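Examining the three-dimensional arrangement
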Amino acid sequence: MDIDRLLALKEVRELFPADEKGNLPEGSCLLLSAMEELDFPPGRDIVTWGQAGEDGMYILMEGSAQVLDCHGEEINTLMGPGSIVGEMALIRDEPRGATVRAITRVRAARLSRVQFEEAAGSNRRLYGELLNVVYKKTTRLVREQARLHSELDIAARIQTGLLRRDFGGLEEQLGLRAWALMEPAKEVGGDFYDIFPAAPGKACIVIADVSGKGVPAALFMTMAKTHIKNYAMLDMPLEELAFRVNNRLCEDNPEEMFVTAFIGMLDTEQGILTFVNAGHNHPYVSSEQGPFRQAACHSDFVLGLWEDMKYREQKLELGKQGTIFLYTDGVTEAENPEEEMFGEQRLKAVLDRCAPEEDPKGIISRISMAVKEFSVEKGAVQTDDITMLCVRALCRKEGNER
């Protein structure tokens, strides 16, 4: 192996540094020169989870690869030139703990366990050199994880600022009382909600769920939330709003992410909600402080996948003191350790226990507690964002009395 080609990579030079005279230590020279070059086409595994590690260690020289867990889910950022894969397989006889798969054509240098043992047989310092590489790589990963954790903390605080849960100012402004909750499955989530004045006597009510989780979903969430609010402020028909938002989200969407959304416009004088449902969960409605029932509404296509989709406006009458409860599927699909889902029936049972005069905060607190008791408090792991929005109209048709 021509070690100068490997040392041309900054990451390799950091792991195999030269001495003060600019010379590479003998152990490093032996370790690198014993390697052989291999090619991997796109989609080919470089190493595979659960398989034996006799093929040893790889250093990526060209191309990119991704790290996958035992289920084929991505668990790491992309790996590129200079990345080292599987170094512990040279000294430990254990199955691979992850899959590394080529995304593009990958050219890599490989040192098999047999090659390492043969080289180490004539120079025992190679073991020390390998342990030094492992130590430096681990230290680098710890620093990177600390940096990412700090950035995710900042992103979570920004998202929390964008998604307020207390809408106290709406009571005097619009005749509404509302409360919301969003508990992301990761540091940041892809669910979002909003309530804001859109025109005189009208309040826009939105809840949505972006496909995926984490930072990519949060970024797409910000785009979708911005587009919906911008178009809502133009006071256009909701079917036109959804049409335009969908087309905007379809632009430059190589990852083919999408959004399920419930977008409503409440006439605060009449208590009538006009809405579009883009593939979202059907809300529960309590008219005139009666029992909750799940609204019978049509579900149109999700936002962000196909251009020029048509959406239908529908109506719900909340009437005086009417309440609407909106949620994402993280509520009903929360699982207990036996992989049972919380489901619509349990959700409806909690809503049935709510008193007619109970305010939105109390309703959401009851449901949140029930979901936690069913799942995480029994040892299950939260796998999806859990988001709820509850809005009560305080209007009367006659003169908007309160």
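Given the structure is predicted, the values throughout are model-derived calculations rather than measurements.

1. So, the overall build of the protein
Of the regular secondary structure elements, the protein holds 11 helices and 17 strands. Burial statistics for the protein: of 402 residues in total, 48% are counted as buried. Restricting the contact set of the protein to residue pairs at least 6 apart, pairs at least 24 apart contribute 72%. About 19,700 Å² of surface is accessible on the protein, with carbon and sulfur atoms providing 51% of the total.

2. A closer look at helix 7 (residues 214-232)
With 19 residues, helix 7 ought to run about 27 Å at 1.5 Å a step, and its terminal C-alpha atoms sit 27 Å apart, in line with that. When we look at burial in helix 7, the residues that qualify are G214, A217, A218, F220, M221, A224, K225, H227, I228, Y231 and A232.

3. Describing the confidence of the model for the protein
Put simply, the protein has an average pLDDT of 84, and 85% of its residues get 70 or more. Contacts of residues 396-402 to residues separated by more than four positions or lying in other chains number 15 contacts, the stretch itself having pLDDT below 50.

4. Some remarks on the packing of helix 10 (residues 343-352) against helix 11 (residues 360-374)
Contact geometry of helix 10 with helix 11 gives a least axis separation of 10 Å together with a crossing angle of 140°. In terms of orientation, helix 10 lies oblique with respect to helix 11. For the crossing formed where helix 10 meets helix 11, the hand is right-handed. Within the contact between the two elements, helix 10 uses R346, L347, V350 and L351 and helix 11 uses I363, R366, I367, A370 and F374. Of the residues assigned to the contact of helix 10 with helix 11, the class counts are 7 nonpolar, no polar and 2 charged.

5. Digging into helix 8 (residues 238-250)
In this model helix 8 runs 18 Å from its N-terminal to its C-terminal C-alpha over 13 residues, within 8% of the 18 Å that 1.5 Å per residue would give. The inward-facing, buried residues of helix 8 abut helix 7, strand 11 (259-267) and strand 12 (272-278). Among the residues trailing helix 8, D252 stands out with phi positive, at a value near 50°.

6. What about the sheet that holds strand 9 (residues 191-199)?
Strand order in this open sheet of 5 strands is 9-10-11-12-15, and the pairing throughout is antiparallel. With one partner strand each, in any of the chains shown, strand 9 and strand 15 (314-317) form the two edges of the open sheet. Neighbour-to-neighbour, the strand axes of the sheet open up by a mean angle of 20°, direction not taken into account. With 4 bridges joining them, strand 12 and strand 15 adopt antiparallel strand pairing. Bridge pairing in strand 15 links I272 to E317. Running over the sheet, helix 7 touches strand 9, strand 10 (202-210) and strand 11 and is turned about 15° from strand 9.

7. Observations concerning the nonpolar core
Within the largest apolar cluster, 29 residues are counted, with the highest numbers of intra-cluster contacts made by F192, C204, V210, L241, V259, I263 and L303. Per-element tally for this core: the top contributor is helix 7, with 7 residues. Among residues more than four places away in sequence, those in contact with L241 are I228, Y231, A232, M236 and I263. In terms of nonpolar packing, the next biggest core, distinct from the first, is built from 26 residues, F167, I205, L326 and A393 among them.

8. Considering the packing of aromatic side chains
Under the defined criterion, the tally for this structure stands at 6 aromatic pairs. Taking the centre distance of 5.9 Å and the plane angle of 70° together, the rings of F40 and Y58 count as edge-to-face. A residue pair is termed long-range when its members are at least 10 positions apart, and F40 in strand 1 (residues 36-40) and Y58 in strand 3 (residues 57-62) qualify at 18 residues. No difference in accessibility class separates F40 from Y58, as the two residues are buried.

9. Points about unusual backbone geometry
One non-glycine residue, D235, lies in positive phi territory at about 55°. Mapped onto the fold, D235 is located in the loop between helix 7 and helix 8. You can call D235 partly exposed: its relative accessible area is 40%. With a phi angle near 65°, E339 is a residue other than glycine that sits in the positive phi range. Relative to the helices and strands, E339 resides in the loop between helix 9 (329-332) and helix 10.

10. Observations concerning the packing of helix 7 against helix 8
Two elements in contact, helix 7 and helix 8, have axes separated by 10 Å at closest approach and are oriented at 145°. Judged by the sense of rotation from one axis to the other, the crossing of helix 7 with helix 8 is right-handed. Facing F220, M223, A224, H227, I228, Y231 and A232 of helix 7, the residues of helix 8 in contact are L241, R244, V245, R248 and L249. Its residues placed into classes, the contact of helix 7 with helix 8 shows 9 nonpolar, 1 polar and 2 charged.

11. Details of the pattern of salt bridges
Close approach of charged atoms allows side chains of opposite charge to pair. The full count for this structure, using the stated rule, is 18 salt bridges. Among the ionic pairs, R107 bridges to D39, the shortest N-O distance being 2.6 Å. Of the two residues, R107 sits in strand 7 (residues 106-111) while D39 sits in strand 1, which places them 68 residues apart along the sequence. Relative accessible area serves as the criterion here: at 39%, D39 is assigned to the partly exposed category. Taking the shortest distance from any N to any O, the salt bridge between R113 and D93 comes out at 3.4 Å. Residue R113 is located in helix 4 (residues 113-122), and its partner D93 is located in the loop between strand 5 (84-85) and strand 6 (99-102); the two are separated by 20 residues in the primary sequence. Accessibility expressed as a relative area gives 64% for D93, which makes it exposed.

Definitions and cut-offs
Residues numbered from 1 in each chain as written. Predicted model: local features only at pLDDT ≥ 70, side-chain atom pairs only at ≥ 80, totals over all residues. Heavy atoms only, no water. Helix = DSSP H or I, 4+ residues; strand = E, 2+ residues; numbered from the N terminus. Buried < 20%, exposed > 50% of the residue type's maximum accessible area, 1.4 Å probe, protein only. Contact = heavy atoms within 4.5 Å. Areas by Shrake-Rupley, 256 points an atom, 1.4 Å probe, with all protein chains shown as cover. Expected span 1.5 Å × (residues − 1). pLDDT = per-residue confidence, 0-100. Axes fitted to C-alpha atoms, helices over the stretch in contact; angles between N-to-C directions. Parallel < 35°, antiparallel > 145°, perpendicular 65-115°, else oblique. Left-handed = near helix turned anticlockwise from the far one by under 90°. Nonpolar A, V, L, I, M, F, W, Y, C, P; charged D, E, K, R; others polar. Pairing = 2+ DSSP bridges. Core = buried A, V, L, I, M, F, W, Y, C linked by side-chain atoms within 4.5 Å. Phe/Tyr/Trp six-rings, centres within 6.5 Å; stacked < 30°, edge-to-face > 60°. Salt bridge = Lys/Arg side-chain N within 4 Å of Asp/Glu carboxyl O.

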